[in-house]
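Each chain is listed here by its residues.
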Amino acid sequence: MSTLEVLPQEVTNPVEPFLRTERIPHIWCPGCGIGTTVNSFARALLETRMDLDKVVVVSGIGCTGRVAGYVELDSFHTTHGRAIPFATGLKLANPSLTVVVYSGDGDLSAIGGNHLIHAARRNIDIKVICVNNFIYAMTGGQSGPTTPLTATTSTSPYGAYEPSFNLPQLADAAGAVYVARWTAFHVRQMTRSMSEVLKKKGFCFIETLSPCPTLYERRNKLGEGLDTMRHYKEKSKVRNGAPTSEVALGMRDDIIVGKFVDRERPDYSELLHHQMITQLGDKYVEAPACSCG
Ligand SMILES: Cc1ncc(C[n+]2csc(CCOP(=O)(O)OP(=O)(O)O)c2C)c(N)n1
Ligand code: SF4
Ligand SMILES: [Mg+2]
């Protein structure tokens with residue numbers, strides 16, 4: 001499928017054509033928020049009328065990492081923490097691609113944290129969707145860099161005591177040109193942000209909070225997935241443009257959501273091109289575009 005011109009009559013769910021339905025049932029637990037984010041992503045592809053032959057999804061390992069296997073796109077399920085360098089290589093080899101990294105908080109900010117900050121610093125033209133469920137879910141619910149203070153996890157049975165990352169601030173400080181946070185409750189806003197980043201050049205970062213009722217909510221006695229959605233609804237405050245230093249998350253504090261950063265600066269390829277032209281002038285020969293289309 002390369003365009004979204006006409007959906008077949010028998011398709012009643014507009015998201016269906018974007019999924020590898022033959023791989024359903026998926027592995028996600030009832031009440032998990034990851035599928036909700038995929039719904040938003042599919043709607044963003046539909047709204048932006050992207051050429052699907054030019055959109056690539058790269059995931060690391062984790063429950064979120066499974067997204068790569070369910071989308072009807074060229075996709076890569078890479079090693080843990082290496083989605084961003086893999087995506088960087090893809091983008092540099094074939095600049096005509098829209099490269100989306102879809103992965104978990106642990107994959108992107110723990111083992112892959114170094115890649116995250118340097119891709120943002122270089123302004124690599126990739127779009128990162130980070131599903132934050134506050135733990136390493138797939139491996140049993142261990143605490144990680146996003147686990148809020150006092151939260152109980154399989155490795156913090158008496159409550160987490162390490163300060164956690166404020167991911168929007170991290171991405172902002174490292175140089176991302178677009179930074180937003182939503183939750184699995186904010187389906188429309190998340191879809192809008194995903195649509196915006198699909199059309200924006202440079203390193204874009206969307207954090208989306210997502211319930212993990214099986215491992216995070218249960219251990220913290222926070223109820224089912226639906227209770228977490230209610231919590232997101234009640235505690236979220238939309239503050240577009242808020243300084244990212246003011247959006248840190250606590251265990252049960254207000255959740256500041258919104259589009260925090262939307263700015264322009266030259267991306268990696270432009271910087272490279274400019275420097276080479278400045279230094280080499282006519283002698284600079286650009287690498288030929290990848291012949292794979
Ligand atoms: C090099 C390496 N280290 C550790 C693991 C084990 N591992 C697999 S997934 C994962 C954490 C996933 O957490 P996150 O990225 O937050 O995804 P989630 O499952 O929460 O969606 C870990 C530690 C691995 N597969 N490879
Ligand atoms: S363990 Fe948690 S994150 Fe993984 S599929 Fe189940 S609910 Fe979702
Ligand atoms: Mg996680």
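The structure this text deals with has already been given above.
If you're wondering where the values come from, they're calculated on a predicted model, not measured in any experiment.

Cut-offs and rules
- Residues numbered from 1 in each chain as written.
- Chains lettered and ligands numbered in written order.
- Predicted model: local features only at pLDDT ≥ 70, side-chain atom pairs only at ≥ 80, totals over all residues.
- Near = placed C-beta within 6 Å.
- Helix = DSSP H or I, 4+ residues; strand = E, 2+ residues; numbered from the N terminus.
- Nonpolar A, V, L, I, M, F, W, Y, C, P; charged D, E, K, R; others polar.
- Contact = placed C-beta atoms within 7 Å.
- Buried ≥ 20, exposed ≤ 12 C-beta atoms within 10 Å, placed from the backbone.

J.: Go over the site of ligand 2 with me, naming the residues and quoting the values.
T.: Every residue lining ligand 2 is accounted for by Trp28, Cys29, Cys32, Ile34, Cys63, Asn133, Ala137, Met138, Cys212, Pro213, Thr214 and Leu215. When residues in the shell around ligand 2 are grouped by element, the largest group, three residues, is from helix α8 (residues 213–219). When the residues that make up the shell around ligand 2 are grouped by side-chain class, the tally is ten nonpolar, two polar and no charged.

J.: Lay out the environment of Leu222 with the relevant residues and their values.
T.: The residue Leu222 is located in the loop between α8 and α9 (225–235) in this model. Placed eleven residues apart in sequence, Leu222 and Pro211 show a C-alpha to C-alpha distance of 10.0 Å. The contact partners of Leu222, leaving out residues within four places of it in the chain, are Glu217, Asp227 and Thr228.

J.: I'd love a proper account of unusual backbone geometry, names of residues and values included.
T.: Following Ile24, the chain continues to Pro25 via a peptide bond in cis, the omega torsion being 10°. In this structure, Pro25 sits in the segment before α1 (34–48). With a phi angle near 55°, Asn123 is a residue other than glycine that sits in the positive phi range. With respect to the helices, strands and loops of the structure, Asn123 is situated in the loop between α5 (113–122) and β4 (126–132). Classification of Asn123 by C-beta neighbours within 10 Å gives buried; the count is 22.

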